[in-house]
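Structural overview
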Amino acid sequence: MISAFRAFTKSFAFKILMALLVLSFAVFGMNDVFRGGVSNNVIEAGPRHTTAADFKRSFDLQKSSIEERAGRPVSYEELVKEGVHQNYLNQLASDDSLYGALHKAGIRPSPSLIVSRIQKFPVFFDSITGRFDKTQYQTFLGQQGLNETRFEQIISDEMAGDHFSTAVAAGFKPPRIYAALQSSVFLETRETNFVMLTPESVEKPGQPTEAQLKTFYEENKERLRRPERRQFTLARFSVKDYLPRVTIDEAALQSRYEFRKDSLSTPETRSFVQITVPDQATGQKVVDALKKGQEPQAVAQANKGTSLVYDAKPKSAVADRKVGDAAFALKEGETSGVIQGDLGLAVVRVNSISLGATPSFDSVREQLTAEYREDQAKELLYKQVEAFEAERANGLDVLAASKKLGVPLMEMPAVTAEGETADGQRYTQFPQILKSAFEQPKGGETDIADLGNGEYYALRVTEIFPSELPPLETVKADLTEVWVTQEWNKRVSAKADEVADKLRKGEDIAAVATAAKGRVEKVPALDRQSAGQALGPQLSAQIFNAKSGEVFKTPSPDGRAYLVGKLEKITRPSPEQINQVSAMVGPQLAQGLFADIGASSRNGARAQLKTRIYPENAVRALGLSEDVTTSQAAK
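Remember, predicted model here, so these are calculated numbers, not experimental data. (Residues numbered from 1 in each chain as written. Predicted model: local features only at pLDDT ≥ 70, side-chain atom pairs only at ≥ 80, totals over all residues. Heavy atoms only, no water.)

Considering empty space enclosed by the protein
Counting across every chain of the model gives one cavity of 30 Å³ or more. The space that makes up the largest cavity amounts to roughly 50 Å³. Along its surface, the largest cavity is lined by Tyr 99, Leu 102, His 103, Ile 107, Arg 108, Gln 153, Ser 156, Asp 157 and Ala 160. When contributions to the lining of the largest cavity are tallied by element, the ones reaching two or more residues are helix H6 (84-104) and helix H9 (148-171). Broken down by element, the residue count for the lining of the largest cavity peaks at four residues, all from H9. (1 Å grid on protein atoms, 1.4 Å probe; cavity = no way out; pocket = protein on both sides within 12 Å on 5 of 7 lines; lining within 4 Å. Points joined across faces, edges and corners; volume = space filled by probe spheres on them. Helix = DSSP H or I, 4+ residues; strand = E, 2+ residues; numbered from the N terminus.)

Let's talk about the environment of Ser 548
Note that Ser 548 resides in the loop between helix H24 (537-545) and strand E13 (551-555). Counting along the chain gives 357 residues from Ser 548 to Glu 191, while the straight-line C-alpha distance between them is 9.6 Å.

Digging into unusual backbone geometry
We note that Lys 517 has phi near 60°; this positive angle belongs to a residue other than glycine. Examined against the element boundaries, Lys 517 turns out to sit in the loop between helix H22 (509-515) and strand E12 (519-526). Taking relative accessible area as the criterion, Lys 517 reaches 62% and is therefore assigned exposed. Located in the positive-phi region is Lys 610, a residue other than glycine, with phi close to 55°. Inspection of the secondary structure assignment puts Lys 610 in the loop between helix H25 (575-609) and strand E15 (612-613). On the basis of relative accessibility, which here comes to 68%, the residue Lys 610 falls in the exposed class. (Buried < 20%, exposed > 50% of the residue type's maximum accessible area, 1.4 Å probe, protein only.)

A closer look at the confidence of the model for the protein chain
Averaged over every residue, the pLDDT of the protein chain is 86; the share at 70 or more is 92%. Here residues 12-37 scores under 50 on pLDDT; set against residues more than four positions off or in separate chains, the count is twelve contacts. (pLDDT = per-residue confidence, 0-100. Contact = heavy atoms within 4.5 Å.)

Observations regarding the environment of Tyr 178
Relative to the assigned elements, Tyr 178 resides in helix H10 (residues 176-187). Setting aside residues no more than four positions away along its own chain, Tyr 178 makes contact with Leu 589 and Leu 593.

Observations regarding the packing of aromatic side chains
Evaluated as defined, the whole model comprises 17 aromatic pairs. Geometrically, the ring pair formed by Phe 55 and Tyr 88 is tilted, given 6.3 Å between the ring centres and 50° between the ring planes. On the criterion of sequence distance, the pair formed by Phe 55 in helix H4 (residues 52-70) and Tyr 88 in helix H6 is long-range, its members being 33 residues apart. As far as the burial class goes, Phe 55 and Tyr 88 line up, both buried. Three or more aromatic residues joined by ring pairs form one cluster here, namely Phe 121, Phe 124, Phe 132, Tyr 137, Phe 140 and Phe 151. One Lys or Arg, Lys 63, reaches over the ring of Tyr 76 and ends 5.2 Å from the middle of that ring. (Phe/Tyr/Trp six-rings, centres within 6.5 Å; stacked < 30°, edge-to-face > 60°. Lys NZ or Arg CZ within 6 Å of the ring centre and 35° of its normal.)

With respect to the nonpolar core
Within the largest apolar cluster, 22 residues are counted, with the highest numbers of intra-cluster contacts made by Phe 237, Leu 368, Leu 381 and Phe 388. Broken down by secondary-structure element, the contributors of at least two residues to this core are strand E4 (229-238), helix H13 (239-242), helix H14 (250-264), helix H18 (365-393), helix H19 (398-405) and strand E11 (455-465). When residues in this core are grouped by element, the largest group, six residues, is from H18. What Leu 368 contacts, discounting residues up to four positions off in sequence, is Leu 253, Arg 256, Tyr 257, Arg 260, Leu 264 and Phe 361. (Core = buried A, V, L, I, M, F, W, Y, C linked by side-chain atoms within 4.5 Å.)

Considerations on the pairing of E13
The pairing of E13 with strand E14 (residues 562-571) spans five bridges and is classified as antiparallel. Counted as the bridge partner of Pro 555 is Tyr 562 from E14. (Pairing = 2+ DSSP bridges.)

Let's talk about the pattern of salt bridges
A complete count under the given rule lists 39 salt bridges for this structure. The partner of Asp 60 in a salt bridge is Lys 56, and the shortest N-O contact between them spans 3.0 Å. Here Asp 60 and its partner Lys 56 are both found in helix H4, four residues apart, which amounts to about one turn of the helix. Asp 60 gets classed as partly exposed once you look at its relative accessible area, which sits at 22%. (Salt bridge = Lys/Arg side-chain N within 4 Å of Asp/Glu carboxyl O.)

Some remarks on the sheet that holds strand E6 (residues 306-314)
Strand order in the open sheet formed by four strands is E6-E5-E8-E7, and the pairing between neighbours is antiparallel. A strand with exactly one partner marks an edge of an open sheet, and here the two such strands are E6 and strand E7 (339-341). When strand polarity is set aside, the average angle formed by the axes of neighbouring strands in this sheet is 35°. Summarising the sheet, strand E5 (residues 269-277) and strand E8 (residues 344-354) pair through nine bridges and their orientation is antiparallel. What sits directly across from Ile 275, in E8, is Val 347. Relative to E8, helix H15 (residues 280-291) is tilted by about 20°, and along the sheet it contacts E5 and E8. (Axes fitted to C-alpha atoms, helices over the stretch in contact; angles between N-to-C directions.)

Examining the packing of H14 against H18
At a minimum axis distance of 10 Å, the contact between H14 and H18 shows a crossing angle of 115°. As judged from the angle between their axes, H14 and H18 are roughly perpendicular. Of the two possible hands of crossing, H14 and H18 adopt the one that is right-handed. For the pair H14 and H18, the contacting residues are Glu 250, Ala 252, Leu 253, Arg 256, Tyr 257, Arg 260 and Leu 264 in the first and Arg 365, Gln 367, Leu 368, Thr 369, Glu 371, Tyr 372 and Asp 375 in the second. Partitioning the contact of H14 with H18 into residue classes produces six nonpolar, two polar and six charged. (Parallel < 35°, antiparallel > 145°, perpendicular 65-115°, else oblique. Left-handed = near helix turned anticlockwise from the far one by under 90°. Nonpolar A, V, L, I, M, F, W, Y, C, P; charged D, E, K, R; others polar.)

Structure representation (structure tokens):
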């Protein structure tokens, strides 16, 4: 067999086979040959693909938003473990599917509309001229990892989605019976009587025996186990610490003012109407009509044009640069001639003018001083960080380098990985620091790390206290108290079951309450909203899920008693009340149904385009391994 194979490798057929194999590597790539066609995309929605780079860029914006709300840095690993990437991935897939379906259906904005939308982004304006700057536009996209084609596709998708949703909303009106049904449910009231049973309603349990306590201890070992704790010394660098060290340079403030004068100024604004026209002759008719004082809207309709109103806008907000130049060259009340703009022919009439203003140095001195102080404090901080890193590179440990440079040191108490001390204090505001501390061995040190917002840190782990199960004797008193409380609660619950059985048999609620050493609580007629506010969501749900005359048992909202309730009466609203409230809830109902339609449209588009998502590629795009999600799933 081997000799036959060797003979085959010397044959002409084998050489052809190898040539084809090499060619396949060159054309398809070795990855694709051995991976069996596995996609490297994160989302595939028909012909639309979201690459790993696109997903990471988009997810980074989501991450920044989460960090802003949380008031602290958040790691990719933390977000992935919480499933945030999966939710965001599904959201993107649904949006991509809808945009793809709209494009397939022919719902897409014209190139001129896309250009007009892009030229209104203030971030693309030149700070000196106040106009759209193509170079600044391209530079900004490059900084965001985007090219013009991709960005214009994003804008096109957003506009198509806006047009679709606006059209659906304009033509959507839910049947009045929907509002009537919701109003009926909203206005319905219920009256309930309760028997309240407290620990005083039953005999208090005695102390547990040694055997009972030992059994209780064995049953709750994992809950009693103390988690690992770590003690560490933290060297922290903060911009705030360097603000008092800054000396204000008056000349530097003046230079800053001169440099920022344009951005600090209030630009001139104008209110005017722009009417687009198809040709010069029609444009002249529009000019003549406006000069006669005719209403712009009527003039536009009569001449097959469209009117666009600018209300107190600066020149930079005008989509067409040439139209903006003409509008800002006119006097108040004047009408332009026919303007050949970048986007077509137009006529402009200026209604009002508000002159711009440049603030004096003294009026913005406080603002400029604060900015200068912070910038200089950051410079001092960065120099200190560089000096610290140099001392570490020269062989000093975190403690020695900190003492040499005067960096503040903080001795942290022994904390769990979640930042909790043995006495219940919590240090949870910086999970990144805690994570670093629990990644080091005893005596281990971290390199200096960025916390964000002008803060850095390095740390040294000084002690590790392993996880341990406390001996029974050390927790005996607390364990006894918990055992008694639980046994007491079981007795109250059993007594509540007895009361419920008697009420179901039709016995008098007052007599039953007296015999059970409880008391009757009467709840007046409440609707769903007032019941939720007065009784809490759990008890309110019990009442409004019950049938008339039904008996039910539930813990009290504060957890200190049991309530045995009987629904005595259901009062439904009159037709007049329903009609009155229906008019008010109609718009809110329409919004809710419209949101449902949006979700259904996205789901339908995903099915139509056979959209696929690749969570493992999304995790890799964030620089993580699949082990992160695997370990989380195991938990």
